[in-house]
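The chain contents come next:
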Amino acid sequence: MATRTTWIDLLDPSRAEVEEKAPTTLHPRALDQLLEAAEADDEPRPTLEGHGDYVFGVFLIAVAVPEGDEVFYQEVDLVLTHDAVLTVRKTPPGHHPFSCAGAQQIQQQQPELSPGLIAYHLVDDVAEAYLTLTDALNDEIDELEDHVDAWPALRVQQRLSELRHDMLHIRRTLAPTRDAVRRVVDGRIDTEGAELFDRDAELHFADAYDKLLRATEALELSRDLVAGVRDYHQAKIANDQNEVMKRLTAIASLLLLPTFIVGLYGQNFRQHFPELGWSFGYAWSWGLIVVTTIAQLVYFRRKGWI
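Residues numbered from 1 in each chain as written. Predicted model: local features only at pLDDT ≥ 70, side-chain atom pairs only at ≥ 80, totals over all residues. Heavy atoms only, no water.

> Just to check I follow, could you spell out the sheet that holds strand 4 (residues 70-80) for this structure?
Sheets are built from strands paired through backbone hydrogen bonds, the pairs being either parallel or antiparallel. Spatial strand order, 1-5-4-3-2: five strands in an open sheet with mixed pairing. One side of each edge strand has no neighbouring strand; the edge strands of this open sheet are strand 1 (6-11) and strand 2 (47-51). The mean angle between the axes of side-by-side strands here comes to 15°, regardless of whether they run parallel or antiparallel. (Pairing = 2+ DSSP bridges. Helix = DSSP H or I, 4+ residues; strand = E, 2+ residues; numbered from the N terminus. Axes fitted to C-alpha atoms, helices over the stretch in contact; angles between N-to-C directions.)

See the structure below:
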């Protein structure tokens, strides 16, 4: 009869708590990683690797907050031995930590689950979170696309920049997560003694790997959608500038003919301008200016420039 795997779940633990609860003696580097708080500019790289008689893992989960137009990261670290699982969850500043409730409920329903299969359910939750994230990103992109004509250009440019930055950051997290799971699928995680990931666990991890592949493809699609919105926005700005140039050209043309007429009759060659001797010469010049201006207005209106 298989023994029940001991699952120890710690939230923001101290060094003393980790040393007391750890199911085996941990390498100093692994211990430091379990205790280190992730910094926004120096987040750990997701990994899953053998450390002697145990497997050590680090996973980051990107979570979108549509209300605040932001993405934050949850961290959960794993230590797997042949009869125990240690999870260390860290609370992101101002947000909630990653929840292991789904995997814990499955373990309660199936007490015979091995540490490798418990790890699979945790990783599967991580993969599902990334699929949910890509759906949320696509919703954000759809919202931006719907409002690109209504929002001010500065707001659109700022949102485009935020989305591109978020997706690049997610890509740097998702790719190593996918690679870490692939190492289990390929059987490239070695530990001393019995294997922690048997054939059944490897097949289950293959399902999680497929989900991470789908999330990667969805993220690439999201990047293409953002690029499409950016190109449309740039084309819209160029078109708006063309419209402005048309109006400025029309205004300059409207002023050009009156300026020419005034300059023409303002020359000091009285004998060559019989109109200047007319009693209605002043009215004639004004009439010429008004008629030519009206003619230009009608022409530019028909062309749609004003």
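> Which parts of the structure should I look at to understand the packing of helix 3 (residues 101-109) against helix 4 (residues 115-147)?
Axes are the key here: two packed helices are described by the angle between their axes and the distance separating the axes. Contact geometry of helix 3 with helix 4 gives a least axis separation of 9 Å together with a crossing angle of 150°. With respect to their mutual orientation, helix 3 and helix 4 come out roughly antiparallel. The crossing of helix 3 and helix 4 is right-handed. Residue-level contacts link Gly102, Ala103, Ile106 and Gln107 of helix 3 to Ile118, His121, Leu122 and Asp125 of helix 4. By residue class, the composition of the contact of helix 3 with helix 4 is four nonpolar, three polar and one charged. (Parallel < 35°, antiparallel > 145°, perpendicular 65-115°, else oblique. Left-handed = near helix turned anticlockwise from the far one by under 90°. Contact = heavy atoms within 4.5 Å. Nonpolar A, V, L, I, M, F, W, Y, C, P; charged D, E, K, R; others polar.)

> Teacher, can you tell me more about a nonpolar patch on the surface here?
Judged by side-chain polarity, Val244, Met245, Leu248, Ile251 and Leu255 come together as a nonpolar surface patch covering roughly 480 Å² of accessible area. Note that Leu248 resides in helix 6 (residues 199-265). (Patch = residues over 30% accessible without salt bridge, like charges linked within 9 Å, V, L, I, M, F, W, Y side chains within 5 Å. Areas by Shrake-Rupley, 256 points an atom, 1.4 Å probe, with all protein chains shown as cover. Salt bridge = Lys/Arg side-chain N within 4 Å of Asp/Glu carboxyl O.)

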